[in-house]
Amino acid sequence: MFGWLERNPFFFAVGVFVVIAFAGLIEIVPDFAQQSRPVAGAKPYSLLELAGRQVYIKDSCNACHSQLIRPFKSETDRYGMYSLNGEYAYDRPFLWGSKRTGPDLHRVGNYRTSDWHANHMWDPTSVVPGSIMPAYKHMFTNVADLETAYAEALTVKKVFNVPYDKDIDGDGKVDVPLGSFDEAKKRALAYALKVAEETKRQDLVDMVKQGKIPEIVALIAYLNRLK
Amino acid sequence: MQNPAIEYDYTVARWFSYLAILFGILGMGIGVWIAFELAFPELNYVAGQYSLFSRLRPIHTNVVAYGFTLSGIWATWYYVGQRVLKVSLAESKFLQGIAKLHFWLYFFTALAAVVSLLARYTTSKEYAQFEWPLDIAVVLIWVLWGISIFGLIGIRREKTLYISMWYYIATFLGVAMLYLFNNMEVPTYLITGMGDPLHSVSMYAGTNDAMVQWWFGHNAVAFVFTVPIIAMIYYYLPKESGQPVYSYKLSLLSFWGLMFVYLWAGGHHLIYSTVPDWMQTMGSIFSVILILPSWGSALNMLLTMKGEWGQLKENPLIKFMVLASTFYMLSTLEGPIQSIKSVNALAHFTDWIPGHVHDGTLGWVGFMIIAAIMHMAPRFYKREIYSKKLLEMQFWLQTTGIVLYFSSMWIAGITQGMMWRAVDQYGNLAYSFIDTVTVLHPYYTLRGIGGLFYFIGLFMWAYNFYKTMTAAKQIEKEPAFASPMAG
């Protein structure tokens, strides 16, 4: 049979394809629907948080930091409750990472503050002596791209039914409002001002007051949300 | 029966060879740089935000995987394809045109990819970072390669497909399937008319996204770093040594075994994650089974040298290829060991993983491509290889580099894993995270030095190739077996 295949390239190629596609079908397809169900209380990211998540992705923070706490005592002691599947239901893409050059961040919002993050990104060794993380000073002057973040939120709302502008937990209130871009931007600015004030850096506060959100502020809003 | 001497058309094979050398130096140069950044963080600021570790790391992996390796694969495809099918590209103006188009589209896409990554455009999925317009370009490149493969098969004179052809076909199909599914994304601008036109959002969320990504991620290793490299060794080692492949049956068994087993193993990247337990177990078990077909090919190659081990002393190209097979065996034993759950619990997220990747890429992939291109050089230019001595020196320097690399990363990874889980007498964690970082400094330095050795070797390679092309002694006709080389 194999001799015959080697003289008939078309059937050879079909044979190879069937053999390699097999595992994917068995492993991936059956679990797809179930795996995307959100855990109770999970909420989509607000506009500012999403903009911060995009900053996290743009500078490839996931190259050195994981967001996946494994169910071992050493990890739950260090980082907190182990990660649950449904917590990631609104993560597009997933950001588990594959290498911990720095610590896990899945629950970093529980144990770091806004001003700690600001100091850390400005000069890592000022808060963690011996750190090999470089400073990310450009985040303090770059302006976060709210429009692209809004485009992403609106896209996932339209295409994947992510529950923006909906009452998710059944208490009669909209949980994560999105609305029009102007409404969403206004809300993001108010949120950003709060975060900027927490960083205790006047330059960041001033920028937000001028209607421009520095990337670092959006990023901190996202990191604070991780808990 | 006897073919009139076919004049093979090496133009595109030559172009891809130049590119492999160029991207090898670029990609591994960045690799050495970021390795030293981990040991000496001040290096991060040399070019402002553009030299930050996190910015360069995806560029390093992409340039090595898709720049160096793919160029090497295609350099050999445009050489081996013609020879084992017994047709010349020059016989079909159409296929010749496709080959050239393939090269140029690839070249400009590669440039655009580097620029876009430097400009912070990334989807963040490892080894699949390109945004959607580049993904489309990649698909086009792949289609062109497909036309080239099946076009050449269509006009072949040799009825039976040689083993290398099986592997080239599998590479084409495997990567096509994996790449398409993993890069499914929705361009946000097309839906909303707002924001950055290049931005997109993944079709899959959370755990699903992770499953698809590692089904891709691991198997990109399979179909870019393994399958086509086996295609090469099945052609170049018998050719260079003048020995027939040891066993046809073993090659059959290992080919179909590899095809069937490899795709299951992706799950081993997700052990102790939130994917279902049965999938983690499957990933683990199949990774261990994967030793069989992998060692099958490697042993088949090593046994091809049976009774001819003397050649190892005489011919540096044989050295490169035999050591490549040996590193392949090492890597495909190490990987399954890391996939065992209890070992994975220790090794995952540590430097042992990059250590594992690099004994594979530097030893197996890098050595095989270097040997293949040096085997082709005398045929390309009808000249001897310029210097055997330089090739020998390169071999030993690079081998030392690889050994330094993986041994330092083994120690670093296991140290890190042990320190993360260490507890004191009261059951409290013994170390803070930063303790586990600062302790690695000597290993990171050693790794950088290992990488530097390998990198210097690449310059010797480039120089030797260049001199072969321009200044080496001319030969009358193509050598049948061992490549002629000057002392």
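Residues numbered from 1 in each chain as written. Chains lettered and ligands numbered in written order. Predicted model: local features only at pLDDT ≥ 70, side-chain atom pairs only at ≥ 80, totals over all residues. Heavy atoms only, no water.

Chemist: Please explain the interface of chain A and chain B as it appears in this structure.
Modeler: A common way to state how big an interface is: give the accessible area lost once the parts meet. Between chain A and chain B, the residue contacts involve 85 residues of the former and 91 residues of the latter. Summed over both partners, the interface of chain A with chain B buries about 7800 Å², with 68% contributed by carbon and sulfur atoms. Of all residues in chain A, E6(A), E27(A) and R78(A) bury the most surface against chain B, accounting for 10% of the area lost on that side. Connecting chain A to chain B are 4 salt bridges. For R55(B), the salt bridge is made with D59(A), and the minimal N-O distance between the two is 2.9 Å. If you look at where chain A meets chain B, you find 27 residue pairs in polar contact (both at pLDDT 80 or more). Elements supplying a minimum of two residues to the side of chain A that touches chain B: α1 (2-7), α2 (9-28), α3 (32-35), α4 (47-58), α5 (73-79) and α8 (146-160) of chain A. The greatest single-element share of the side of chain A that touches chain B, amounting to 15 residues, is contributed by α2(A). Of the residues assigned to the side of chain A that touches chain B, the class counts are 44 nonpolar, 22 polar and 19 charged. (Contact = heavy atoms within 4.5 Å. Buried area = accessible area lost by both parts, 1.4 Å probe. Salt bridge = Lys/Arg side-chain N within 4 Å of Asp/Glu carboxyl O. Polar contact = N/O pair within 3.5 Å; in protein donor to acceptor, adjacent residues only side chain to side chain. Helix = DSSP H or I, 4+ residues; strand = E, 2+ residues; numbered from the N terminus. Nonpolar A, V, L, I, M, F, W, Y, C, P; charged D, E, K, R; others polar.)

Chemist: Just checking my understanding: could you explain the pattern of salt bridges for this structure?
Modeler: Residues and elements named next belong to chain B. Applying the stated rule across the entire model yields 24 salt bridges over all chains. A salt bridge links R83 to E478; the shortest N-O distance between them is 2.4 Å. With R83 in helix α2 (residues 53-85) and E478 in the segment after α17 (441-470), this residue pair connects regions lying 395 residues apart in the sequence. Its relative accessible area of 12% is what places R83 among the buried residues. (Buried < 20%, exposed > 50% of the residue type's maximum accessible area, 1.4 Å probe, protein only.)

Chemist: Even after reading the chapter, I still don't get empty space enclosed by the protein, so can you show me in this structure?
Modeler: A probe as big as a water molecule, rolled over the atoms, marks out the empty space that is left. Residue and element names in this part refer to chain B. All chains considered together, the criterion is met by 9 cavities of 30 Å³ or more. When its volume is computed, the second largest cavity comes out at roughly 320 Å³. Among the secondary structure elements, those contributing two or more residues to the lining of the second largest cavity are α2, α3 (93-118), α4 (132-154), α5 (163-182) and α7 (206-241). If you tally residues by element for the lining of the second largest cavity, the top one is α2, at 7 residues. Each residue belonging to the lining of the second largest cavity can be placed in one class, and the counts come to 20 nonpolar, 3 polar and no charged. (1 Å grid on protein atoms, 1.4 Å probe; cavity = no way out; pocket = protein on both sides within 12 Å on 5 of 7 lines; lining within 4 Å. Points joined across faces, edges and corners; volume = space filled by probe spheres on them.)

Chemist: Whenever I open this one, the packing of helix α12 (residues 316-339) of chain B against helix α15 (residues 388-421) of chain B confuses me. Can you help?
Modeler: A pair of packed helices can be characterised by two numbers: the angle between their axes and the separation between those axes. Residue and element names in this part refer to chain B. Where α12 contacts α15, the axes come no closer than 10 Å and their chain directions differ by 15°. One way to sum up the angle between α12 and α15 is to call them roughly parallel. When the axes of α12 and α15 are compared, the crossing they make is left-handed. Touching P316, L317, K319, F320, L323, F327, L330 and E334 of α12 are K388, L391, E392, Q394, F395, W396, Q398, T399, I402, F406 and W410, all from α15. Among the residues making up the contact of α12 with α15, the classes are represented as 12 nonpolar, 3 polar and 4 charged. (Axes fitted to C-alpha atoms, helices over the stretch in contact; angles between N-to-C directions. Parallel < 35°, antiparallel > 145°, perpendicular 65-115°, else oblique. Left-handed = near helix turned anticlockwise from the far one by under 90°.)

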